[in-house]
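Understanding the architecture of this molecule
Chain by chain, the residues run as shown.
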Amino acid sequence: MTDTPVIGVLALQGDVREHLIALASADALARPVRRPEELAEVDGLVIPGGESTTMSKLASLFGMLEPLRERVRDGMPVYGTCAGMILLADKILDPRSGQETVGGIDMIVRRNAFGRQNESFEAAVEVAGIEGGPVEGVFIRAPWVESVGAQAEVVAEHGGHIVAVRQGNALATSFHPELTGDHRVHALFVEMVRAVG
């Protein structure tokens, strides 16, 4: 890997374009990933927000679920936002019928925990490992983390709830930093990818 890592954004559903822009601004070569052969070509992957049940079904339909699990198990850096956080959880508290996860972070996540679409909000969130003050978190039908296992590190909380977790090469936030123009969380993830290279 060169100093400019190739980072994919899982492009089955959700806010793909915003992540591509945020990654590019954090000095990564960003590209959409829809097929296993495209996944094989990236150094790291972002799983965007969207609808977690739909994303898990599409990942299965496109033959992406097992390759994703395998790459994450093998240590590929991965970052999930909102629905992406749900997909990276080892367990969902209230899964929809047939909903599967990629796994990779020892955490239990509650879907739509912060409320419905019309209860979306923005909040300043202090994230461990990110300098320069709090990041602006956009919470849209956001999950929160009910609990984490011994391997997972809580890196941010809001309102008494866990909203960002890191475990090894995996990072997850319940909020959407890609929607704010502040790309420090993406820069942190790019550094995580470089560290593996």
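Let me begin by describing the structure that accompanies this report. (Residues numbered from 1 in each chain as written. Predicted model: local features only at pLDDT ≥ 70, side-chain atom pairs only at ≥ 80, totals over all residues. Heavy atoms only, no water.)

What follows concerns the packing of helix H1 (residues 16-25) against helix H6 (residues 184-196). As a packed pair, H1 and H6 sit with axes 9 Å apart at the nearest point and diverge in direction by 65°. As far as their axial angle goes, H6 and H1 are roughly perpendicular. Taken as a pair, H1 and H6 cross one another with a handedness that is right-handed. Contacts from His19, Ala22 and Leu23 in H1 reach His186, Phe189 and Val190 in H6. A breakdown of the residues in the contact of H1 with H6 according to their chemical character gives four nonpolar, two polar and no charged. (Axes fitted to C-alpha atoms, helices over the stretch in contact; angles between N-to-C directions. Helix = DSSP H or I, 4+ residues; strand = E, 2+ residues; numbered from the N terminus. Parallel < 35°, antiparallel > 145°, perpendicular 65-115°, else oblique. Left-handed = near helix turned anticlockwise from the far one by under 90°. Contact = heavy atoms within 4.5 Å. Nonpolar A, V, L, I, M, F, W, Y, C, P; charged D, E, K, R; others polar.)

With a phi angle near 70°, Asp27 is a residue other than glycine that sits in the positive phi range. In this fold, Asp27 is placed in the loop between H1 and strand E2 (29-33). One non-glycine residue, Cys82, lies in positive phi territory at about 55°. Along the chain, Cys82 falls in the loop between strand E4 (78-81) and helix H5 (83-88).

Okay, the pattern of salt bridges next. Where charged atoms from two side chains of opposite charge come close, those side chains can pair. Under the definition given, this model contains nine salt bridges. Asp3 is the salt-bridge partner of Arg194, the closest N and O atoms lying 3.6 Å from each other. Residue Arg194 is located in helix H6, and its partner Asp3 is located in the segment before strand E1 (6-10); the two are separated by 191 residues in the primary sequence. Arg69 is the partner of Glu66 in a salt bridge, and the nearest nitrogen-oxygen pair spans 2.6 Å. Of this pair, Glu66 and Arg69 both sit in helix H4 (residues 65-73), separated by three residues, roughly a single helical turn. Residue classification places Glu66 among the partly exposed positions, given a relative accessible area of 46%. Through salt bridges with shared partners, a single ionic network connects Asp3, Glu191 and Arg194. (Salt bridge = Lys/Arg side-chain N within 4 Å of Asp/Glu carboxyl O. Buried < 20%, exposed > 50% of the residue type's maximum accessible area, 1.4 Å probe, protein only.)

Together, Lys57, Arg96, Arg116 and Arg141 make up a positively charged patch on the protein surface. The topology assignment puts Lys57 in helix H3 (residues 52-61). By relative accessible area, which is 48% here, Lys57 ends up partly exposed. (Patch = residues over 30% accessible without salt bridge, like charges linked within 9 Å, V, L, I, M, F, W, Y side chains within 5 Å. Areas by Shrake-Rupley, 256 points an atom, 1.4 Å probe, with all protein chains shown as cover. Lys, Arg positive; Asp, Glu negative; His and termini not counted. Charge placed at Lys NZ, Arg CZ, Asp CG, Glu CD.)

On to the side chain of Thr101. Inspection of the secondary structure puts Thr101 in the loop between strand E5 (89-92) and strand E6 (105-110). Sequence-distant contacts of Thr101, that is, excluding residues within four places in its chain, are made with Arg69, Ile86, Leu87, Ala89, Asp90 and Ile92.

Considering the arrangement of structural elements, one finds Ser174 in the loop between strand E12 (170-173) and H6. Sequence spacing of Ser174 and Val138 is 36 residues, and the spatial spacing of their C-alpha atoms is 8.7 Å. Sequence-distant contacts of Ser174, that is, excluding residues within four places in its chain, are made with Cys82, Met85, Phe139, Ala142, Pro143, Ile162 and Val163. A distance of 3.2 Å separates a polar side-chain atom of Ser174 from the backbone oxygen of Pro143. (Polar contact = N/O pair within 3.5 Å; in protein donor to acceptor, adjacent residues only side chain to side chain.)

Quick look at the side chain of His176 now. Among the structural elements, His176 can be located in the loop between E12 and H6. You can call His176 buried: its relative accessible area is 5%. A polar side-chain atom of His176 sits 2.7 Å from a polar atom in the side chain of Glu178. Setting aside residues up to four positions removed in sequence, His176 forms contacts with Asp15, Gly49, Thr81, Cys82, Val138 and Ile140.

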